[in-house]
Amino acid sequence: MKYMDMIISETLRKWPGVTATDRVCSKPYTIQPSNLNEEPVHLKPGDVIFVPINGIQRDPKYFPNPDVFDPERFSDENKGNIKPYTYMPFGLGPRNCIGSRFAILETKTIFFLMLSKFNFIAIEKTQIPIKLSTKSFSIVGDSGMWIGLEPRSK
Ligand code: HEM
């Protein structure tokens, strides 16, 4: 199941189901500029901060060639190179997703059963590359997500 684990991790990097999360600031904090033309940002208690999970996980600074689907990023040899706090499909810290292990187990079970019976194939309605909807907060296809199931011959 190691390779399936790598596939699921990379899918959640490139296409995180939850594209952003938020936090409420509890004490004053200043984000220092990282470029010459930027001003410091002063945060006050009560300010709400959006953490763009999708943007961070597609940032070439953290994931080279971010648009390439490459499960090897999560191999035993490579996963140690991922910088802390740059991969967060289930959020981070004490309020991270309580259902993450269940979600991964469920995904693996479904894929194991489906792949043992069917090949997943592109059909006429499958959009390659997929065009994403601009009307949804989550990552969904503009005209749905279509895939064909072909029974596997024994
Ligand atoms: C692939 C599936 C899922 C994804 C990508 C996902 C993602 C997330 C993310 C990003 C957060 C916010 C965490 C943070 O801000 O640090 C979250 C919170 C949460 N998720 Fe999930 N989730 C998934 C499945 C589930 C499932 C299956 C359950 C329940 C069975 C669940 C229950 C929760 C709950 C209760 C919270 C709020 C936790 C808190 O505020 O302490 N999630 N999830």
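Residues numbered from 1 in each chain as written. Predicted model: local features only at pLDDT ≥ 70, side-chain atom pairs only at ≥ 80, totals over all residues. Heavy atoms only, no water.

## Topic: the layout of surface pockets
Here comes step 1: Reported here for the largest pocket is a volume of approximately 1,200 Å³.
Here comes step 2: As for the largest pocket, its lining consists of 32 residues, and the residues nearest its centre are Thr11, Trp15, Phe111, Met145 and Ile147.
Here comes step 3: Among the elements of the structure, helix 1 (2–14) and helix 3 (100–117) are those that each provide at least two residues to the lining of the largest pocket.
Here comes step 4: Of the residues forming the lining of the largest pocket, the biggest block, seven residues, is contributed by helix 3.
Here comes step 5: Within the lining of the largest pocket, the residues separate by chemical class into 24 nonpolar, six polar and two charged.
Here comes step 6: If you add up the space inside the second largest pocket, you get close to 430 Å³.
Here comes step 7: If you go around the second largest pocket, you meet 19 residues; those closest to its centre are Tyr29, Leu43, Ile49, Phe50 and Val51.
Here comes step 8: Elements supplying a minimum of two residues to the lining of the second largest pocket: strand 1 (21–24) and strand 4 (48–51).
Here comes step 9: Looking at which element gives the most residues to the lining of the second largest pocket, the answer is strand 4, with three residues. (1 Å grid on protein atoms, 1.4 Å probe; cavity = no way out; pocket = protein on both sides within 12 Å on 5 of 7 lines; lining within 4 Å. Points joined across faces, edges and corners; volume = space filled by probe spheres on them. Helix = DSSP H or I, 4+ residues; strand = E, 2+ residues; numbered from the N terminus. Nonpolar A, V, L, I, M, F, W, Y, C, P; charged D, E, K, R; others polar.)

## Examining the packing of aromatic side chains
Here comes step 1: Summed over all chains, the structure comprises two aromatic pairs.
Here comes step 2: With a centroid separation of 4.9 Å and 55° between ring planes, the pair formed by Phe74 and Tyr87 is classed as tilted. Separated by 13 residues along the polypeptide, Phe74 in the loop between helix 2 (53–57) and helix 3 and Tyr87 in the loop between helix 2 and helix 3 bring together distant segments of the chain.
Here comes step 3: A centroid spacing of 6.0 Å and a plane angle of 40° characterise the contact between Phe111 and Phe120, whose relative ring orientation is tilted.
Here comes step 4: Classification of Phe120 as partly exposed rests on a relative accessible area of 33%.
Here comes step 5: Sitting over the ring of Trp15, Arg58 keeps its end group 4.8 Å from the ring centre.
Here comes step 6: When the ring centre of Trp146 is taken as origin, the NZ or CZ atom of Lys125, which lies over that ring, is 3.6 Å away. (Phe/Tyr/Trp six-rings, centres within 6.5 Å; stacked < 30°, edge-to-face > 60°. Buried < 20%, exposed > 50% of the residue type's maximum accessible area, 1.4 Å probe, protein only. Lys NZ or Arg CZ within 6 Å of the ring centre and 35° of its normal.)

## Concerning the site of the ligand
Here comes step 1: Taken together, 15 residues lie near the ligand, and Thr21, Arg23, Leu92, Arg95 and Cys97 sit nearest.
Here comes step 2: Within the contact set of the ligand, an oxygen atom lies 3.1 Å away from a backbone nitrogen or oxygen of Leu92.
Here comes step 3: Elements that contribute at least two residues to the shell around the ligand include exactly strand 1 and helix 3.
Here comes step 4: Of the residues belonging to the shell around the ligand, the class tally is nine nonpolar, four polar and two charged. (Near = heavy atom within 4 Å. Polar contact = N/O pair within 3.5 Å; in protein donor to acceptor, adjacent residues only side chain to side chain.)

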